[in-house]
Amino acid sequence: MKKRLEYLLQSAIDTLKAQGDLAADVKVDVMVERTHEVRHGDYATNLAMTLAKAARANPRQLAEKIIGALPGHPALVKTEIAGPGFINFFIDPKAQFRSVRQILEDGREFGLSEAGAGRSVMVEYVSANPTGPLHVGHGRGAAYGSAVANLLAAVGFKVHREYYVNDAGRQMDILAASVWLRYLEECGEVLPFPSNGYRGEYVRDIAQALLKQACSDYLHPAAKVMEGLPPDEPQGGDKEIHIDAVVARAKGLLGPEGYRCVFDAGLHSILDDIRKDLGEFGVEYQEWFSERSLAESKAVERALDTLRASGHLYEKDGAVWFASSQLGDEKDRVVVRENGQTTYFASDIAYHMDKLDRGFDQLINIWGADHHGYIPRVKAAIAALGGDPSKLDVLLVQFAVLFRGEEKVQMSTRSGEFVTLRQLRNEVGKDAARFFYALRKSDQHMDFDLRLATSKTNENPVYYVQYAHARICSVFRQLDEKGLPRDVVRGLNHLERLVEAHETALLTTLSRYPEVVESSALQHAPHHLVHYLRELAAELHAYYNAHQFLVEDAGLRDARLNLIAAVRQVLLNGLRLLDVSAPESM
RNA sequence: GCGCUUGUAGCUCAGUCGGAUAGAGCAUCGGCCUUCUAAGCCGAGGGUCGCAGGUUCGAGUCCUGCCAAGCGCGCCA
């Protein structure tokens, strides 16, 4: 209906232009929106006000001309000029019944659209370093990315979900060294653990598994391991220098093959865990893309060659730099270090070249907000590679600050003191976690109160929406228990009997659902959908309390049952996009 | 110091492309279970939209300055 009105208005504008009431070259952006108040009708446009200046006319007079030129439409029963020049549209209430019919007919398909027109979009999200289990910060990115991907798919985009596995680089080396040291401890060696190593209990688990599988293949005496290492921080040294030396020692003593085995033991174990964790959280990927493979396939080299050929690289201080500052970045960035190793950024350039080569129409990266400073250099890289930087949308997710009631929960990955996503799921369940994360605008700071999310009370918003669904299911169970028949067609034929205020409110809200899905998707804002679902649930609860559904009058009863069946369907469809379950009883 | 983000009710947050009297949940207070699930409903109170200017028919929304908070400013990832 909204689009229909926009079309009608556009045609009215064309008429005015033809009549000379409006200059032909005036650019017109027709906007129709839902009204906030019943007395303003169902839809409104500010068109007359926006055009008043160009038409050199009083907005209200212009509004009259627009209405005069407006083609008729059967569902449009009244137009009105209000306030400074709004045109309000009143829709025949019967037109709202169409939604119920449509919802019951379309079922799970209701709300899907073709706004994306089959354009392909890659959504890369979570992409946490496989150096330990996912924590609650990653959970927000997972819930958000997954919902955005679902929404985009629902409005007709071809969505490819991808996880970039940072299986290369210094942090992974530190993990490998940490695994090896714990392994040596399991073998009975006594040696100090680096202050900068990964201290989590999971590292011991990996070491134990490694010992079981490889026995003493990687055993070296502690004295040999520690010999000549620079001191660690507690001994007055530098923890970074120390840990790098430990890594080098591991590589030296184990040899390339042995080191790779220890390294992979850590990588595979953690990656499997992450994969399982996300799977249980309802987060799936089409591809897990390995950073290491970019180096191994020479893709990094090729990317750098491309940049060099187009004159975007230069050498300085023994390193190779990418002149990103010429393309909007703050400063130039190193891609090959003095020691000959490529940087993480070099891999990322290759990764984005690969994404471009795969031909996606649009790229979406979902990152932690602490990486925002990284955006200009990646866009610069895309431009330098000959791509279009506007194809890339980086959506930032703020880390949630965890609370237990009033108390802030401290977290640190290195020390192993953090709340994992798995712990969160075990405590509050997948549904509450998914819903809670989706509740807030993603780039906004968020207080995540574990006590609130764990509470099984009405403070917890997810139950409110689920309860609405369960209540409707319960009504249908009651219908069966009472042995009453249900006739969907009879209900459809009696829809015009739904005249109560609660009923017309629900009809309007139901008809909004496809618009909400579309705007949530295009704005990458699942929280709009969440708020809509809460509103729909609230109206259902109010209706439930105000009116009896299982009434004697079969026509009215069936009409009401059709209405709440439609509500149930929309709740289910919306919750599915968020990967939150819709229980039939609670 | 520079850059990015944020500042809305006691608390947590919505507010679409600048639109009509700024909303919701929680908390507080007062009501509603003989009736399809009270994990619910009905009602009440609660606001200098950080501050000050500007743009215009109209600003929580756009611009400038200031104040405050968070993050980022590696040959880490």
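Visitor: Provide a residue-level description of the environment of Ala 538, including the pertinent values.
Guide: Within the fold, Ala 538 resides in helix α19 (residues 526-546). Classification of Ala 538 as partly exposed rests on a relative accessible area of 29%. The spacing of Ala 538 and Ala 383 is 155 residues in sequence and 48 Å in space, taken between C-alpha atoms.

Visitor: Which residues make up the domain arrangement of chain A, and what are the values?
Guide: Here the domain parsing of chain A yields domain 1 (2-91), domain 2 (170-280) and domain 3 (457-577). Here domain 1 and domain 3 have C-alpha centroids that lie 33 Å from each other. For the domain 1 and domain 3 pair, buried surface summed over both sides reaches about 320 Å², with 29% attributable to carbon and sulfur atoms. If you look at where domain 1 meets domain 3, you find two salt bridges. Taking the shortest distance from any N to any O, the salt bridge between Glu 518 and Lys 3 comes out at 3.6 Å. Where domain 1 packs against domain 3, one counts two residue pairs in polar contact (both at pLDDT 80 or more). Taken together, the residues of the side of domain 1 that touches domain 3 break down into one nonpolar, no polar and three charged.

Visitor: I'd love a proper account of the pattern of salt bridges, names of residues and values included.
Guide: Applying the stated criterion across every chain, the model contains 33 salt bridges. The residue Asp 305 makes a salt bridge to Arg 308 at a minimum N-O spacing of 3.1 Å. Of this pair, Asp 305 and Arg 308 both sit in helix α11 (residues 299-309), three residues apart, which is roughly one turn of that helix. Classification of Asp 305 by relative accessible area gives partly exposed; the value is 40%. Overall, Arg 308 belongs to the partly exposed group, its relative accessible area being 44%. Close ionic contact of Arg 560 with Glu 503 constitutes a salt bridge, the shortest N to O distance being 2.8 Å. Taken together, the positions of Arg 560 in helix α20 (residues 554-578) and Glu 503 in helix α18 (residues 501-522) put the pair 57 residues apart, joining distant regions of the chain. Residues joined in a network through salt bridges with shared partners are Glu 162, Glu 287, Asp 354 and Arg 358.

Calculation notes
Residues numbered from 1 in each chain as written. Chains lettered and ligands numbered in written order. Predicted model: local features only at pLDDT ≥ 70, side-chain atom pairs only at ≥ 80, totals over all residues. Heavy atoms only, no water. Helix = DSSP H or I, 4+ residues; strand = E, 2+ residues; numbered from the N terminus. Buried < 20%, exposed > 50% of the residue type's maximum accessible area, 1.4 Å probe, protein only. Domains from an automatic or database assignment. Buried area = accessible area lost by both parts, 1.4 Å probe. Salt bridge = Lys/Arg side-chain N within 4 Å of Asp/Glu carboxyl O. Polar contact = N/O pair within 3.5 Å; in protein donor to acceptor, adjacent residues only side chain to side chain. Nonpolar A, V, L, I, M, F, W, Y, C, P; charged D, E, K, R; others polar.

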